[in-house]
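# Observations on chain architecture
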Amino acid sequence: MRDQIDLLAAVTVLGVLEQAYFAMQVIYARRKHKVSPPETTGHPEFERTFRAQANCSEYFPIFISLLWVAGIFFHQGVTAVCGLLYLYTRLRYFQGYAEAARGRLGPLYASAWLLWGLLGLAMAGLLAHFLRPSSSTWMAALGWPLQLHGAW
């Protein structure tokens, strides 16, 4: 069992460490520019760092969900590589945004494409799972609406 999810678990832990790194950068920027919590405005460098961290945090649950669904239902190795690339592009996004708002655009587009790719892998894996003739899951999924109407 563990061999089937070890790469996904490793990418997940790396993602959590990356989120912790982003949060620490906000703390350092707060101290450097003397912006006390709960304030979210101040020096432009602080605001960019704060916004970059918030943006990365907003997409993290989507990333983790797609990583695990694609990894379990499509292919762990392919998904883990996509996950590592996504984490790299988010790091580049964070660094670019912290320096200048325009620096975020290239990595932002790359990370968006990777999320769409993970969504495609997840959907392909789920579709293959539910349409597999030997699987009784697809029969139950198709028969469920008929059971509601008493026709099954």
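Look above for the structure.
So, a few notes on the structure that sits alongside this text. (Residues numbered from 1 in each chain as written. Predicted model: local features only at pLDDT ≥ 70, side-chain atom pairs only at ≥ 80, totals over all residues. Heavy atoms only, no water.)

In this section: the packing of aromatic side chains. As enumerated under the stated definition, the model contains seven aromatic pairs in all. Three or more aromatic residues joined by ring pairs make a cluster, and in this case those are Y21, F22 and F94. Over the aromatic face of Y93 sits the side chain of R90, whose NZ or CZ is 4.4 Å from the ring centroid. Directly above the ring of Y97 sits R104, whose terminal nitrogen or CZ lies 5.1 Å from the centroid. (Phe/Tyr/Trp six-rings, centres within 6.5 Å; stacked < 30°, edge-to-face > 60°. Lys NZ or Arg CZ within 6 Å of the ring centre and 35° of its normal.)

What follows concerns the pattern of salt bridges. Applying the stated criterion across every chain yields a total of two salt bridges. Measuring nitrogen to oxygen at the nearest pair gives 3.4 Å for the salt bridge that ties K32 to E45. Of this pair, K32 sits in helix 1 (residues 6–33) while E45 sits in helix 2 (residues 44–73), and the two are 13 residues apart along the sequence. The class for K32 is exposed, based on a relative accessible area of 55%. Taking the shortest distance from any N to any O, the salt bridge between E58 and R51 comes out at 3.0 Å. Residue E58 is classed as partly exposed on the basis of its relative accessible area, which comes to 47%. A relative accessible area of 31% places R51 in the partly exposed class. (Salt bridge = Lys/Arg side-chain N within 4 Å of Asp/Glu carboxyl O. Helix = DSSP H or I, 4+ residues; strand = E, 2+ residues; numbered from the N terminus. Buried < 20%, exposed > 50% of the residue type's maximum accessible area, 1.4 Å probe, protein only.)

Residues V13, L14, L17 and L84 make up a contiguous nonpolar surface patch of about 360 Å² in total accessible area. Here the element with the most residues in the nonpolar patch is helix 1; it accounts for three residues. With respect to the helices, strands and loops of the structure, V13 is situated in helix 1. (Patch = residues over 30% accessible without salt bridge, like charges linked within 9 Å, V, L, I, M, F, W, Y side chains within 5 Å. Areas by Shrake-Rupley, 256 points an atom, 1.4 Å probe, with all protein chains shown as cover.)

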